[in-house]
Amino acid sequence: MIYVQVQAILVTGGAQRGGQLGVWRTTDGGTTWSQRSSQTGLTGCYGDYGQNWYDQGVAVDPNNSDIVLMSTVDIFKSTNGGTTFTDKTCGYAGGTVVHVDHHALAYVPGSSTTLLAGSDGGAYVSTNGGESYTQINNSLSTLEFYSGDITKDFATAATPGINGGMQDNGSAVYVWAAGNPGPAVWQLRKGGDGMFARIEPMLGQRWYQESQNGALAVSTTGAYGSQSSATGGWSADSRRSFIFPYEIQKNGCPGTGCTHMIAGSYRVWETILGGIPTSSWVINSGDLTKNTLADRSFINQLNYAWSDATKAIVGTNDGNVQWGRNLGAGVANSAIWVNLTAGNAVLPNRPILDVALDPANPLIGYAAVGGFDQNTPTTPGHVFQVVCTADCASFTWANKSANLPNIPADSIIANPRFPQQVFVGTDWGLYYTNDINQVTPVWYRFQAGLPNAMIWDMTIDSGASTLALWTRSRGAYVWPLPAAPYRTCPDFNANGTVGVEDISAIAAHWGETSASPGWNNRYDRNGDDHIDIVDIMLVVVAFGSTC
């Protein structure tokens, strides 16, 4: 028996847009389906909530198929095969234990009494079949970061600091007083839904935090100073993301500080005064979206060029990538934008979840694409590189996905210390390539100390010492950036384990040297610029290990 929970896309039949359309089940493996309930089947302390696009999940008692647990804004339970459900957590109706916005439910195998639940508040356990729950977050890192930032020269700074925004858990900071950053209990600075967070890198006094829909605030006296509004005029824009993106220039700033910032609704806003006063924000583009998704046609992400803050790149939820120049004048509509989408002939017409420019060459850009290949079968892929001529008068896209899995790519960034090294954050963790410029780059999964979790965003400090990762549900992580190719576990096919296929892969390169065409030093395990029996034996020794 299979149950499915269905969201209402349109306002119809009493359902609200984004709420519960109903529950269906099949008893013949999916050949036929019958509707068990609609939104009116939600009973108890709370009912339907227009957020099923975000809050959904189903678990069936392994010993009684008529008992069904379901996630919405709360956890609901049915004992009659999904005909009616009763709210068991009451997050908005007096409940004090279980946080709202639920996403995951799972019974312990074989048990009808013990199950786990996951929400924006973390992880919970029930030992009475879902009647009540206990939080288990004191020993787990379960925060859902959208983004964040780290201070300049983070790896070597005397007092490194960190700033992050967390879904439904506000925005928080921490400063290590004696260097050597490690696990810490951060201090909450701004409530609501924590979104993007940034730090002015040169002087380190302006710390930006944001709550939902672009409510931007800034402290001008460091991590713990009082905050004032830095919100521009985008509040009046009809289309903007709940997770409203903004960015600060990080490189090439004068000693007086980095004051250039950009933000995106369906158009780009810019300030050259750090958002102080708020009137310093000006509109600096037209509509950069296709405007085909109603209120969902907005900018997902935007970034300055590392080497030239007069240039920037934008990615939209409806599949556009735009490249801009002449930013930084402080004058409305002074930037010139070029639409690089090219009719989505190569770039898939799916959400562009992140964009970045090559740290050394702002005429080279990258796009991280959401969705799945099945959504756009004639244009598959998740990582794309665009190469422009001067001022992007002409450009060429290339699919660089190669051996990446067919899962959404949520974030992308290139290493300023080694620009051909590109990192991609996916729904299933971090991948990297040591040479994005290869026709078919080789991607490797990075798991040293990292969980298998969605990496919503990545940032690099001014000084390019450290890569920071912001995960959805497992906290924040940092890693020192290398200045050369990075060698890790010899899992060449990126399936998580060293096996026969990996031994075969390195054997196929027997005899190659650093002078060979297409040389990939990933196979040169001992670093002597030559692939021989020693390198192969090093892989054999690692046989069976996980990566």
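Look up a bit, the structure's there.
All of these numbers come straight from a predicted model, not from anything done at the bench. (Residues numbered from 1 in each chain as written. Predicted model: local features only at pLDDT ≥ 70, side-chain atom pairs only at ≥ 80, totals over all residues. Heavy atoms only, no water.)

*Asks:* Even after reading the chapter, I still don't get the side chain of Gln-249, so can you show me in this structure?
*Replies:* Positionally, Gln-249 belongs in the loop between strand S21 (246-248) and strand S22 (261-264). Residue Gln-249 is classed as buried on the basis of its relative accessible area, which comes to 10%. In this structure the side chain of Gln-249 is engaged in a polar contact, spanning 2.9 Å, whose partner is the backbone oxygen of Asn-251. Those residues in contact with Gln-249 that lie beyond four places of it in its chain are Pro-201, Cys-258, His-260, Tyr-304 and Ala-309. (Helix = DSSP H or I, 4+ residues; strand = E, 2+ residues; numbered from the N terminus. Buried < 20%, exposed > 50% of the residue type's maximum accessible area, 1.4 Å probe, protein only. Polar contact = N/O pair within 3.5 Å; in protein donor to acceptor, adjacent residues only side chain to side chain. Contact = heavy atoms within 4.5 Å.)

*Asks:* Mind showing me how you'd approach the nonpolar core here?
*Replies:* If you look at soluble globular proteins, the nonpolar side chains tend to sit buried side by side. The biggest cluster of nonpolar side chains holds 26 residues, and the ones touching the most others in it are Phe-423, Leu-430, Met-458, Leu-467, Leu-469 and Ile-506. In terms of residues, this core owes the most to one element, strand S37 (residues 455-460), which gives 3 residues. Once residues within four sequence positions are removed from consideration, Met-458 is found in contact with Ser-411, Ile-412, Ile-413, Phe-423, Val-424, Gly-425, Leu-430, Leu-467, Ala-468, Leu-469 and Trp-470. (Core = buried A, V, L, I, M, F, W, Y, C linked by side-chain atoms within 4.5 Å.)

*Asks:* Just checking my understanding: could you explain the pattern of salt bridges for this structure?
*Replies:* Close approach of charged atoms allows side chains with opposite charge to pair. With the rule as written, the count across this model stands at 13 salt bridges. Arg-198 is paired through a salt bridge with Asp-457; the nearest N and O atoms lie 3.5 Å apart. Placement of the pair is Arg-198 in strand S17 (residues 197-199) and Asp-457 in strand S37, with a sequence separation of 259 residues. Here Arg-198 matches Asp-457 in class, with each residue buried. Bridged by salt links that share partners, the residues Lys-77, Lys-88 and Glu-131 form one connected network. (Salt bridge = Lys/Arg side-chain N within 4 Å of Asp/Glu carboxyl O.)

*Asks:* Explain the sheet that holds strand S15 (residues 170-175) here, please?
*Replies:* Think of a sheet as strands paired side by side through backbone hydrogen bonds, with each pair either parallel or antiparallel. The strand order across the open sheet formed by 4 strands is S13-S14-S15-S16, and the pairing between neighbours is antiparallel. If you trace the sheet from one side to the other, it starts and ends with strand S13 (145-150) and strand S16 (187-190), each paired once. Neighbour to neighbour, the strand axes of the sheet diverge by 25° on average, direction disregarded. In this structure, S13 lies alongside strand S14 (residues 161-166), joined through 5 bridges in antiparallel fashion. Opposite Asp-149, over in S14, you have Asn-163 as the bridge partner. (Pairing = 2+ DSSP bridges. Axes fitted to C-alpha atoms, helices over the stretch in contact; angles between N-to-C directions.)

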